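# Coordinate inspection notes
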Amino acid sequence: MPIPPLFDLSGKVAVVTGASRGIGQSIAQQLANHGAKVVVSSRKAEGCDAVVADIKDNWAQGAGDAMTITCNVSDRDECYALIDQTIAAWGRVDILVCNAAASTHKGPIKDVPDWSFSKMIDANIRGALWLTDRACPDMASRKDGSVIIMGSTGGQRGSPDMGLYAITKAADMQIARNLAVEWGPQNIRANCIAPSLVTTDMADVLTSDPKRQEMMEWVYPMQRIGTVEDVSGVVVTLAGPAGAWMSGQTITIDGGMMAGSGREEG
Amino acid sequence: MSAASKTPSMFDLSGQVAVITGSTKGIGKAIAARMAQHGAKVVVSSRKADVVEAVTAEINRNYAANGGEAIGVPANIGRRPECEALVAAALDKWGQIDTFVANAAINPYYGPLHEIPEDAFAKIMSTNVQSPIWFSGLVCPHMAERGGGNFVVISSVGGVRGDAKIGAYCLSKAADMQLVRNMAVEWGRFNIRANCVAPALVKTDFARALWANPVRHETALMTYPLKRLGDPDDIAGMTLMLASRAGQWICGQTLIVDGGMMAGIGRFE
């Protein structure tokens, strides 16, 4: 089957952080499936190498390819090195997906220890800025690029037990808006994706609880939580021709949650 | 098109049937053509039979090789019986509707909101708001029975900001955003997604009065961070995403496609 033209990423180079599992893994697979060469990144090489092998076997196109570059996104030098090594190997970065994030505290904001606060600010906010600091000038040299930052519906509402994480995710939406304004004239688009609960390792903690499961049906008009494929296709859309005039936006992917409750009673 | 996928693309619309109103020019035509190019069967519609026929033939000519197919059904979406006939024609031909795109809209008045003639206001509301509601009632029960579907209303960034000249139109476009939120709540449990796509200024005949105005045009180019007006394909791509596997958990949302305008003013240079 040919790649659908509005979603054709042939010849593009993509970097995906947090790509060893979950949403990031699916994003890397889908970008490769639509023709991009993909850098699979996370802190540890082993997890990435498995994803790279799977992409080469099952997803990469003729021109496409995949490789591992490790990166801890809460470290500036490692962020710079990720982009520099990508350019050294493949000559360019066209698509940057800032997906890696840290959620290191459960409970009220007032109880967040300093180390945990710094960790979330560094990984979820500064990491995205460090990566774009380095990637956007390269994109600007070709007057073409797409930055996609993984936010969360948590960043659009208060949260009783993940408040600081939610604050960093709201910041991600503002990062997309500001990058849109700063880099738009160079034809770089920057957008945020805000999913609600998606089945990944991180979310299984919540979804294994039967009470939570019942609440799910109240919260989501579509009466289900999300899958990684519900998110990764939207990334492909923003990365390619279909997303050419969308910038500074946050696409909420939540099965209708923010629209209202799907229950007639109660 | 380039190399074949190892895994089927999420954006392959083979087997889907889509009805797109106002699809003989501009954004609607781009949506119909692109969906056909991606393998869908499409119903082309607008008021004039000869134009409908010409666009239908053009799509069949260009995209039959991709598995795309088109039929044409003329309809004035401001009249309920014609809306019913449009939906019936699609079901008669293909037995299913997977995606409905309420794209047709009118913008007949240019001036202060309080001076709008009553009949112009009524016409805007019936065409831009009530007609999509009619269509939702005509297609959603059918979609629910088949296990799901996709309903898209083409709205406008005008629906999220005031406008000194086209206030009533903007009011109707804001109503469309609330319509899809309410449809999400009412139909979400049946796996029906309802969303808006809200463009800023796109270079179409419909918006000619806006971009032909040199001040508006210049202001747009200056203030849109991406420094260009929209192209119908920019809107078609997002609509196609919503119709595809990629859009299966997006519901009750408004996707703003505006060259970055709402994010903040670009540099004045």
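Everything here concerns the structure above.
Our subject in this report is the structure included herewith. (Residues numbered from 1 in each chain as written. Chains lettered and ligands numbered in written order. Predicted model: local features only at pLDDT ≥ 70, side-chain atom pairs only at ≥ 80, totals over all residues.)

## Details of the sheet that holds strand β5 (residues 145-150) of chain A
Residue and element names in this part refer to chain A. Within the open sheet, the seven strands sit side by side as β3-β2-β1-β4-β5-β6-β7. Their pairing is parallel. Each edge of the open sheet carries a strand with a single partner, namely β3 (66-68) and β7 (250-253). The mean angle between the axes of side-by-side strands here comes to 15°, regardless of whether they run parallel or antiparallel. As defined by bridge partners, β5 adjoins strand β6 (residues 188-195) across six bridges and the pair is classed as parallel. What sits directly across from V147, in β6, is A190. Against the sheet, helix α1 (residues 22-33) engages β1 (13-17), β2 (37-41), β3, β4 (95-98) and β5, with an angle of about 170° to β1. (Pairing = 2+ DSSP bridges. Helix = DSSP H or I, 4+ residues; strand = E, 2+ residues; numbered from the N terminus. Axes fitted to C-alpha atoms, helices over the stretch in contact; angles between N-to-C directions. Contact = placed C-beta atoms within 7 Å.)

## Points about the interface of chain B and chain A
How large an interface is tends to be reported as the accessible area lost when its parts come together. With 50 residues of chain B in contact, the opposing surface of chain A contributes 53 residues. Elements represented by at least two residues in the side of chain B that touches chain A include exactly α1 (26-37), α5 (167-187), α8 (232-243) and β7 (254-257) of chain B. Per-element tally for the side of chain B that touches chain A: the top contributor is α8 of chain B, with five residues. Looking at side-chain class alone, the side of chain B that touches chain A contains 22 nonpolar, 18 polar and 10 charged residues. (Nonpolar A, V, L, I, M, F, W, Y, C, P; charged D, E, K, R; others polar.)

## A word on the nonpolar core
Core analysis: the largest hydrophobic core is formed by 180 residues, its most contacted members being A14, V16, L31 and V38 of chain A together with V42 of chain B. Per element, the largest residue contribution to this core is 12 residues, and it comes from α5 of chain B. (Core = buried A, V, L, I, M, F, W, Y, C linked by C-beta atoms within 7 Å. Buried ≥ 20, exposed ≤ 12 C-beta atoms within 10 Å, placed from the backbone.)

## Side note on the pairing of strand β5 (residues 149-154) of chain B
Regular strands show a simple pattern: their side chains alternate between the two faces of the sheet. Residues and elements named next belong to chain B. In terms of residue burial, β5 counts as a mostly covered element, since six of its six residues are buried. The two faces of β5 match: G149, F151 and V153 on one face and N150, V152 and I154 on the other face are all buried. Note that strand β4 (residues 99-102) and β5 share four bridges and pair parallel. The residue of β5 that forms the bridge with T99 is N150. A crossover links β4 with its parallel partner β5, the connecting element being helix α4 (residues 118-146), and its sense is right-handed. Across six bridges, β5 lies against strand β6 (residues 192-199) in parallel orientation. Counted as the bridge partner of F151 is A194 from β6. A crossover connection joins β5 to the parallel β6 through α5; in handedness this β-α-β unit is right-handed. (Right-handed = clockwise from strand over helix to strand, strands pointing away.)

## Concerning the sheet that holds strand β3 (residues 69-72) of chain B
The strands making up a sheet are joined through hydrogen bonds of the backbone, oriented either antiparallel or parallel. Residue and element names in this part refer to chain B. Taken in spatial order, the seven strands make up an open sheet running β3-β2-β1-β4-β5-β6-β7, and their pairing is parallel. Pairing within the sheet leaves two strands with one partner each, and these edge strands are β3 and β7. Between one strand axis and the next, the sheet turns by 20° as a mean value, whatever way the strands run. Here strand β1 (residues 17-20) pairs with strand β2 (residues 41-44) via four bridges, running parallel. Opposite A18, over in β2, you have V42 as the bridge partner. Each of β4, β5 and β6 touches α4; the most contacted strand, β5, lies at about 160° to it.

## Considerations on the environment of N187 of chain A
Mapped onto the secondary structure, N187 of chain A falls in the loop between α5 (163-183) and β6. Here the alpha-carbon distance between N187 of chain A and I87 of chain A, two residues 100 residues apart in the chain, equals 19 Å. The residues contacting N187 of chain A, other than those within four sequence positions of it, are K143 and D144 of chain A together with L226 of chain B.

## Focus on the environment of A194 of chain B
Residue and element names in this part refer to chain B. By the secondary structure assignment, A194 is in strand β6. Residue A194 is classed as buried on the basis of its 32 C-beta neighbours within 10 Å. The sequence separation of A194 and E84 amounts to 110 residues, and the corresponding C-alpha distance is 20 Å. The contact partners of A194, leaving out residues within four places of it in the chain, are F151, V180, M183, A184, W187, C251 and G252.

## Looking at the packing of helix α3 (residues 76-90) of chain A against helix α4 (residues 114-142) of chain A
Helix-helix packing is described using two parameters, namely the angle between the two axes and the distance between the axes. All names here are of chain A. Where α3 contacts α4, the two axes come as close as 8 Å, and the packing angle between them is 30°. One element, α3, and the other, α4, form an angle in the roughly parallel class. Helix-helix and strand crossings are classified by hand; for α3 and α4 the assignment is right-handed. Of α4, the residues touching α3 (which contributes R76, C79, Y80, L82, I83, D84 and I87) are G127, W130, L131, R134, A135 and D138. (Parallel < 35°, antiparallel > 145°, perpendicular 65-115°, else oblique. Left-handed = near helix turned anticlockwise from the far one by under 90°.)

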